[in-house]
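Notes for the structure review
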Amino acid sequence: QQQQQQQDQGADAAEGELERAATPTTRELQELALQQARLHFVEISSVPLRVELLEDIYSLLFVTEQDYVAAHAPRRVSPQNEFILSKEMVTLIIGLVKVCAQFVQNPDAGNADRLKQLMTVVEEAEWRLHLIQGDARIGTGSLGGVVQTAPSDVRRMLSSPDTLLTTCMKTHDFARAQEIITRFGIENQTTQDARFAQELLELSGALNAPDFDMGTLRNFLDGIAEELAPLVCLDLAVASANSRDRCAALLDEAERLLAKHPVAVLERHGPGQQGGAGAAASAPLAPAATLAGAAPASGVTETGLSPPPPP
């Protein structure tokens, strides 16, 4: 009897494996949906209609909970004005537009301009999606089978360039931060903080190398405000130095700079200033505070990714 039970269990397990193998994955279903959509799309003979359809598909990125509930459950749910598409659905829609756009051939001047404008914002949407890939937190809620995220992936994609830059700084992703600066031509206090934070992080990483030259530190300090220089040394001594000798060298450097510029430091960080000693202690960590504590803007900033206007 025990042997029969083991055989039955083995048969059930084998059947389960076969059933799982026969069940298509989400990726396979997405690929199938793309293929079917492409086949339907090429059956449309009108070029203007093809362009308009692509604009409508792209506009699906901006469907909100209010839109969905108004169409399906207008009296049973009090919706929020929140975007509902997950990264997976955003990826699918962007891919569908890009694939189908290849079949819009020989458009007239007006439709060619519309298609070019559409593909420009689609390319930026895809770039922004890749930018937030490593920072999304998937929620557990759902709305009629549509996965919701917390916070909304689409809302985060629509963040202002400064907010995107701050997000990259928080994760020390300075390569992408530089990409944002270049793409949008940003030049403000946030970009200065980003460069300062990157240089400080690189300096902190090299600080404990056996062949580290204090001249490298002094070159960095020469490029920042003189009242910040001794405080940066103190910060590195406390947070980065992993040996007594390195810590002592940083404290000596801070003491030398304080002796050289005592008035400037006291004017900016002395007890007479608002915030007192606490402000003095946190001042050199302003970029670090930006990395660790700055929250993305709650509102959606106009970025050019809004739905295309009706033709």
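Residues numbered from 1 in each chain as written. Predicted model: local features only at pLDDT ≥ 70, side-chain atom pairs only at ≥ 80, totals over all residues. Heavy atoms only, no water.

**Focus on unusual backbone geometry**
Residues apart from glycine generally show negative phi values, whereas peptide bonds are mostly found in trans. In this model, Asn 106 sits at a positive phi of 55 degrees, which is unusual for a non-glycine residue. Within the secondary structure layout, Asn 106 lies in the loop between helix H5 (87–101) and helix H6 (109–132). A positive phi is found at His 172, a non-glycine position, where the angle reads about 60 degrees. Looking at the secondary structure, you find His 172 in the loop between helix H8 (161–170) and helix H9 (174–184). Judged by its relative accessible area of 38%, His 172 falls in the partly exposed class. (Helix = DSSP H or I, 4+ residues; strand = E, 2+ residues; numbered from the N terminus. Buried < 20%, exposed > 50% of the residue type's maximum accessible area, 1.4 Å probe, protein only.)

**Comments concerning the pattern of salt bridges**
For the coordinates displayed, the defined rule picks out 10 salt bridges. Two residues, Lys 98 and Glu 126, come together in a salt bridge whose shortest N-O distance is 2.9 Å. On the criterion of sequence distance, the pair formed by Lys 98 in helix H5 and Glu 126 in helix H6 is long-range, its members being 28 residues apart. Of the residues examined, Lys 98 reaches a relative accessible area of 34% and is grouped as partly exposed. Note that Arg 256 is salt-bridged to Glu 253, the shortest N-O span being 2.4 Å. Here Arg 256 pairs with Glu 253, and both are found in helix H13 (residues 244–260), just 3 residues apart, close to one helical turn. A residue is classified by how much of its surface remains accessible, and Glu 253, at 3% relative accessible area, is buried. Residues participating in the shared-partner salt-bridge network are Arg 218, Glu 253 and Arg 256. (Salt bridge = Lys/Arg side-chain N within 4 Å of Asp/Glu carboxyl O.)

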